[in-house]
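Commentary on secondary and tertiary structure
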Amino acid sequence: MQSPKGIWKVITASSVGTLIEWYDFYIFGSLSTIIAQKFFPAANPTAALLSTLATFAAGFIVRPFGALVFGRLGDLIGRKYTFLLTLVLMGGSTFLIGCIPSYATIGAWAPALVLLLRLLQGLALGGEYGGAATYVAEHSPAHRRGFYTSWIQTTATLGLFVSVGVILAIRNIVGVDEFTNGNGWRYPFLLSIVLVIVSIFIRLKMQESPLFSKLKSEGKTVKNPLKESFGKKENFRMVLLALFGATMGQGVIWYTGQFYAQQFILTKCFVEYEQANTIILISLAIATPFFIIFGSLSDKIGRKHIMLAGMLLGVLCYRPIFQELYETADLSKKVENVAAMQKLESVSSVAGGVGDSVKLVTVSKVYEDGSQSKISTRQQISSKGVVSEPVNAGKEIQLGSAGKWKMVGLITLMVLFVTMVYGPIAAFLVELFPTRIRYTSMSLPYHIGNGVFGGLVPFIATLITTVPGTDHLSGLWYPIGVAALCFVIGLLYLSNKPGKNAEQ
Amino acid sequence: MDNLKRYLGFLWMLAGPVILIALIAIAAKNIDINGTTDISKPIPWIIIISIFTPVAIGLTIFGWYAWKGEYDKEQ
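The rules we used
- Position numbers for residues count from 1 along each chain, tracking the sequence in the order it is written.
- The order in which chains are written sets their letters, starting at A; the order in which ligands are written sets their numbers, starting at 1.
- At least 70 in pLDDT is required for a residue's local features to be given in this predicted model, at least 80 for side-chain atom pairs to be given and counted, and no such filter applies to totals for whole chains, interfaces and linings, which use all residues.
- Heavy atoms throughout the structure, all of them, feed into the side-chain values; hydrogens and water do not.
- Strands are runs of DSSP state E lasting at least two residues, helices are runs of H or I lasting at least four, and both sets are numbered from the N terminus onward.
- We compute the radius of gyration over the C-alpha atoms and compare it with the globule rule, which gives 2.2 Å times the number of residues raised to the power 0.38.
- A 1.4 Å probe rolled over the protein chains alone gives each residue an accessible area, and that area as a share of the maximum for its type sets the label: buried under 20%, exposed over 50%, partly exposed in between.
- We call two residues contacting when some pair of their heavy atoms lies within 4.5 Å.
- Computed with a 1.4 Å probe, the accessible areas rest on the Shrake-Rupley method; for each residue, only the protein chains presented here act as cover.
- Positive charges come from Lys and Arg alone, negative charges from Asp and Glu alone, with His and the N- and C-terminal ends not counted.
- Here the site of a charge means NZ on Lys, CZ on Arg, CG on Asp, or CD on Glu.
- Under the convention used throughout, the expected extent of a helix is 1.5 Å for every residue step, that is, one less than its residue count.
- N or O atoms closer than or at 3.5 Å make up a polar contact, with two conditions inside protein: a donor-capable atom paired with an acceptor-capable one, and, for residues adjacent in sequence, both atoms drawn from side chains.
- Here a strand pair is declared whenever DSSP counts at least two bridges between the two strands.
- Segmentation of the chain into domains, including their bounds, is taken from an automatic or database domain assignment.
- What counts as buried area is the accessible surface, traced by a 1.4 Å probe, that two parts surrender upon association, with contributions from both included.
- In what follows, salt bridge is the name for a side-chain nitrogen of Lys or Arg lying within 4 Å of a carboxyl oxygen of Asp or Glu.
- Any residue that is not Ala, Val, Leu, Ile, Met, Phe, Trp, Tyr, Cys, Pro, Asp, Glu, Lys or Arg is counted as polar, Gly included; the first ten are nonpolar and the last four charged.
- By nonpolar core is meant a set of buried Ala, Val, Leu, Ile, Met, Phe, Trp, Tyr and Cys residues that side-chain atoms within 4.5 Å join together.
- Lines fitted to C-alpha atoms define the axes, with helix axes restricted to the stretch in contact, and inter-axis angles between N-to-C directions lie between 0 and 180 degrees.
- For this classification, under 35 degrees means roughly parallel, over 145 means roughly antiparallel, 65 to 115 means roughly perpendicular, and everything else is oblique.
- Here a crossing is taken to be left-handed if its near helix is turned anticlockwise relative to the far helix by less than a right angle, and right-handed if that turn runs clockwise.

The next thing to look at is the overall build of chain A. Scanning chain A for helices and strands turns up 20 helices and four strands. Here chain A has a C-alpha radius of gyration of 24 Å; the compact-globule value for 504 residues is 23 Å, and the two agree. Projecting the C-alpha coordinates of chain A onto the three principal axes gives extents of approximately 90 × 50 × 40 Å. When the 504 residues of chain A are sorted by exposure, 57% land in the buried category. Across chain A, contacts joining residues at least 24 apart in sequence account for 79% of those joining residues at least 6 apart. As presented, chain A carries roughly 19500 Å² of accessible surface, and 65% of it is formed by carbon and sulfur atoms. Mean positive and mean negative side-chain charge positions of chain A (42 and 27 charges, respectively) differ by 10 Å.

Okay, here's the thing in structure tokens:
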């Protein structure tokens, strides 16, 4: 095993690269609205189709496929060179997305190239995590494996943190108009190449994992890791157990606590964009150290109990927590400060409709708790003076200090559940499989659990809300149901002791 | 405990095809060839059903293994 100084070098080299990969993957998601405007105009059916493929295929198909491709490679040629390759692939793809001319300049080539690069991003992400977690775990002493691998676990959340932070910073530096309508949105993508070069430089100096090196020197590496992982019952049954008893529930808890919460306060609570993202940033910053705390705790009391406790807390608390978030921004429960109320009216012509015009009314209100709201309505006025019914044209709420900090507390609580399920899971997965097939075997359940089960949270939540009689909380039944099923399977079938394969 | 794990294995075996059939039925209900939202477009459903088919088969195999006592000594 590594000396204390050596293990920190290993953790730094692995974590920085993995963090950059998450950053690269998230900025596409965070900027998806702008990317859609630049590359996937809804009026063009081909571009719209490519947009759908970019959204769904990258997460659901390509990530698990990347886990298989790079997992196999990692078990054949080694961890170090495989996760160097995934880093180059991810960084190169991200940088190139920032360079592609818009649809207006090169037509259908633009969305096709973006789709291709997004798929490469998904492929690289599928290969990265298993390599980094395996690499760190194989350098760690058994009794501290949870602690050391938990540093890798912080990278997914920190990647989101950095991506949101970089986007907000660049948006403020270049201005909202340049960021949205000019080239400002490209800078977070272009910045990636600098980060990746630094990370490659660090990783190149690292040695191969000692366990894999030993295996290789003894000639005990397998010729076909895929066949060994999924063709042999003793390994395949553990792949299935890892998926249905751990990563499936972990994926939905992770996605709900971070991404669905962000989407919920933006689209259901109508919190203003910068304030919503600031709330997320603060929550992530407060909760992130708990990945390490729960990872370390798992070395003492076992992985299973902590992960399942996180799942159970999610199952029991999601509905009350989301209801509290909703009520925090519910204007009907706030007392208006009538003296500070403003009503702005503007009337503008409609392009192409001679004599027709649109009346846009924005009402700004201030509330006694310090919150502010802007509610806009739009009415069509025909040339004959007929005025249509007002339709909603936007709503934005700036929470007062108490409301803001209440949301920070609630989201921090949900990210704490994330740290419970996610902090120990790398060590848990590593210990289920022997060194010769570890990269392949742990990567697939991880990426199905996170990419497929977790990634489907917004889609299925939206689907559920289309059922008559549902409300703003009904979408939560999907993560609650999946986490509950995973909890039952995990409780019955998982062991709280490290797998017997941990040292093989 | 081992008996419970085995009996529940039967439930997991059934859950695989049930989930898949439910998914296909929901897809058929929601797909609208002229739809503009993600849940009415066919492509997301094709992708989701394609990726969930092996997952559902996996759940059935998991149930089979549990039924046969493959996980009896994991506790």
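Back to the text.
Along the backbone of chain B there are two helices and zero strands. Since a compact globule built from 75 residues should have a radius of gyration of about 11 Å, the 16 Å found for chain B marks it as more spread out than a globular shape. In terms of its C-alpha atoms, chain B occupies a principal-axis envelope of roughly 50 × 15 × 15 Å. Looking at chain B as a whole, 44% of its 75 residues qualify as buried.

In this model helix α20 (residues 477-493) of chain A runs 24 Å from its N-terminal to its C-terminal C-alpha over 17 residues, within 8% of the 24 Å that 1.5 Å per residue would give. Within α20 of chain A, the full set of buried residues consists of Tyr478, Pro479, Ile480, Val482, Ala483, Cys486, Phe487, Ile489, Gly490, Leu492 and Tyr493 of chain A. Considering only its buried residues, α20 of chain A is in contact with α12 (233-267), α15 (303-328), α18 (438-454) and α19 (457-465) of chain A together with α1 (2-30) and α2 (42-67) of chain B.

The subject of this paragraph is the side chain of Asn30 of chain B. Examined against the element boundaries, Asn30 of chain B turns out to sit in helix α1. Among the polar contacts listed, one links the side chain of Asn30 of chain B to the backbone oxygen of Ile26 of chain B, at a separation of 2.9 Å. Not counting residues within four places of it along the chain, the set of residues in contact with Asn30 of chain B comprises Leu463 and Thr466 of chain A together with Ile39, Ser40 and Trp45 of chain B.

This part takes up the pairing of strand β3 (residues 372-381) of chain A. Regular strands have side chains that alternate between both faces of the sheet. Residue and element names in this part refer to chain A. Bridge count for strand β2 (residues 357-366) against β3 is 10 bridges, and the pairing is antiparallel. Counted as the bridge partner of Val363 is Ile375 from β3. Between β2 and the antiparallel strand that follows it, β3, lie five residues; Gly370 among them carries a positive phi value of about 95°.

Attention shifts here to unusual backbone geometry. In this structure, Phe270 of chain A takes a positive phi of about 60° despite not being glycine. You can see Phe270 of chain A is positioned in the loop between α12 and α13 (273-287).

Residues and elements named next belong to chain A. In terms of domain boundaries, chain A breaks down into domain 1 (4-329 + 401-493) and domain 2 (338-398). In this structure, domain 1 and domain 2 have C-alpha centres spaced 40 Å apart. In this complex, domain 1 contributes seven residues to the contact, which on the side of domain 2 involves five residues. Considering only the side of domain 1, the residues that lose the most area to domain 2 are Phe270, Glu272 and Gln275, jointly responsible for 73% of the buried surface there. Taken together, domain 1 and domain 2 are joined by two residue pairs in polar contact (both at pLDDT 80 or more).

This part takes up the interface of chain A and chain B. Interface size is commonly expressed as the accessible area that is lost once the parts come together. With 31 residues of chain A at the contact, the number on the chain B side is 29 residues. Here chain A packs against chain B, burying approximately 2900 Å² in sum over the two surfaces, 79% of which is carbon and sulfur. Here chain A is connected to chain B by one salt bridge. With its nearest N and O atoms 2.7 Å apart, the salt bridge here joins Lys233 of chain A to Glu70 of chain B. Broken down by secondary-structure element, the contributors of at least two residues to the side of chain A that touches chain B are α3 (45-77), α12, α18, α19 and α20 of chain A. It is α3 of chain A that provides the largest number of residues to the side of chain A that touches chain B, a total of eight residues. Of the residues that constitute the side of chain A that touches chain B, the class distribution is 25 nonpolar, three polar and three charged.

What follows is about the nonpolar core. One finds Ile265, Phe322, Tyr422, Phe453 and Tyr493 of chain A together with Phe62 of chain B to be the most contacted residues of the largest nonpolar core, which totals 127 residues. The greatest single-element share of this core, amounting to 19 residues, is contributed by α12 of chain A. If sequence neighbours within four positions are ignored, Phe62 of chain B has contacts with Leu240, Leu241, Phe244, Ile489 and Tyr493 of chain A together with Trp12 and Tyr71 of chain B. With 22 residues, the next largest nonpolar core counts Ile34, Leu50, Leu117 and Ile170 of chain A among its residues.

A separate point is the environment of Pro64 of chain A. Counting through the fold element by element, Pro64 of chain A comes out in helix α3. With 384 residues separating them along the chain, Pro64 of chain A and Ile448 of chain A place their C-alpha atoms 5.9 Å apart.

Moving on, we come to the packing of α1 of chain B against α2 of chain B. All names here are of chain B. The contact between α1 and α2 brings their axes to 6 Å, and the two run at 165°. Here α1 is positioned roughly antiparallel relative to α2, judged by the angle of their axes. When you trace α1 past α2, the crossing you get is left-handed. Tallied by class, residues from the contact of α1 with α2 come to 22 nonpolar, six polar and two charged.

This next bit is on α18 of chain A. With 17 residues, α18 of chain A extends 22 Å between its outermost C-alpha atoms, agreeing within 8% with the 24 Å of an ideal straight helix rising 1.5 Å per residue. Of all 17 residues making up α18 of chain A, 17 are buried, and the element is well covered by its neighbours.

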